Amino acid sequence: MACDAAKDVAGARKGRSAVVLMVLALAVGGLMGCERAPEPQEKAEATEAVVEPGDEAEEEHDEDHAHDEVHLGAHMFEIGRRYSAVWYAGEAGNKGMVDYQIHEIEEVIEELREAKPVEEGIDVVDYFDRSVLPGLEKIEEAIEAGDTATFEKEYDAVIAQCNACHTATKHDFIAIGRPQFNPYPNVRMDAD
Ligand code: HEC
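Predicted model only: the values in this text are computed from it and were never measured.

Thresholds applied
- Along each chain, numbering runs from 1 in the same order as the chain's sequence is written.
- Note on the predicted model: pLDDT of at least 70 is required for a residue's local features to be given, and 80 or more for side-chain atom pairs to be given and counted; whole-chain, interface and lining totals, by contrast, use all residues.
- In computing side-chain properties, one takes all heavy atoms of the structure into account and sets aside hydrogens as well as water.
- In this text, buried Ala, Val, Leu, Ile, Met, Phe, Trp, Tyr and Cys residues form a nonpolar core when linked through side-chain atoms within 4.5 Å.
- Partly exposed residues are those whose accessible area sits between 20% and 50% of the maximum for their type, while under 20% is buried and over 50% is exposed, using a 1.4 Å probe and protein chains only.
- Here a helix means four or more residues in a row that DSSP labels H or I, a strand means two or more in a row labelled E, and each is numbered from the N terminus.
- We call two residues in contact whenever any of their non-hydrogen atoms come within 4.5 Å of each other.
- For Na, K and Ca the donor cut-off is 3.2 Å, and for all other metals it is 2.8 Å, counting N, O and S atoms only; because water is absent from this set, sites may look incomplete.
- For a four-donor site, all angles between 85 and 135 degrees give tetrahedral; for four or six donors, opposite pairs above 155 degrees with the remaining angles between 65 and 115 give square planar or octahedral; all remaining cases count as irregular.
- Every case where a carboxyl oxygen of Asp or Glu lies within 4 Å of a side-chain nitrogen of Lys or Arg is listed as a salt bridge.

With respect to the nonpolar core
- Membership of the largest hydrophobic core comes to 30 residues, with the highest contact counts inside it found for Tyr83, Val86, Leu136, Ile139, Phe151 and Tyr155.
- Elements that contribute at least two residues to this core include exactly helix H5 (72-91), helix H6 (95-115), helix H7 (124-144) and helix H8 (148-168).
- A total of 9 residues in this core trace back to one element, the largest contributor, which is H7.
- In contact with leucine 136, other than residues within four places in its own chain, are Tyr83, Ile102, Ile105 and Val158.

With respect to the coordination of the iron atom of the ligand
- Distances from the iron atom of the ligand to its protein donors, Met76 (SD) and His166 (NE2), fall at 2.0 to 2.4 Å.
- Viewed at the metal, the 6 donor atoms of the iron atom of the ligand are separated by angles of 87 to 180 degrees, and the geometry they form is octahedral. One end of the pair, methionine 76, is in helix H5; the other, histidine 166, is in helix H8, with 90 residues separating them in the sequence.
- For methionine 76, a relative accessible area of 26% puts it in the partly exposed group.

What about the pattern of salt bridges?
- Per the counting criterion, the structure on display carries 12 salt bridges.
- Across the pair glutamate 104 and arginine 82 runs a salt bridge, and its minimum N-O distance is 4.0 Å. With glutamate 104 in helix H6 and arginine 82 in helix H5, this residue pair connects regions lying 22 residues apart in the sequence. Per residue, the accessibility class of glutamate 104 equals that of arginine 82, and both read buried.
- Sharing partners across several salt bridges, the network here consists of Glu78, Arg82 and Glu104.

Following this line, the structure appears as structure tokens:
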């Protein structure tokens, strides 16, 4: 019965919403195990209907990333993880780990340097050079001096820089804050 209903809806192909209904009907039909292979014509239309709404945004995105040879999100994920570790190591006064994580963040930036990713007209590496990297140096200095209050202040100042760029590149939904937990479950951040 459900299969018949699915076919009925699929049959009522008028306008775009009907095509969407048809896709749903096919999906439901498929889930119910109905043996009804869509005719090639229908299949093409269905695919089009599914992809259509995102088409424009997709093209824009592609244009944006036309010169990127890197997966920026993956690099950012690493930066985010390492910057979380900086917090725990810094709170524990673990200078070795703070320096190590900051060095690794700098290496990620170096990897990006050649690819020169540009997001919404913003040169990502240049932005890091001017805002985030000097902030990371201040963090190292604070830890070197054993000054936790300054460390926390500078840590938050860098977060503000991260978020300023996320806003500038239309990614303000990626809001960085102090971490909720140590991203390295088996590394003692206080061992120095
Ligand atoms: C120059 C601009 C810029 C700066 C500075 C910047 N980000 Fe990003 N960040 C981005 C963009 C753009 C994306 C989205 C990447 C994409 O679309 O692939 C992103 C994505 C992210 C993500 C999401 C990664 C994922 O899982 O997909 C995290 C986490 C992140 N950034 C952390 C940080 C942290 C932490 C800092 C500061 C230490 C920072 N970012 C500084 C531009 C920036």
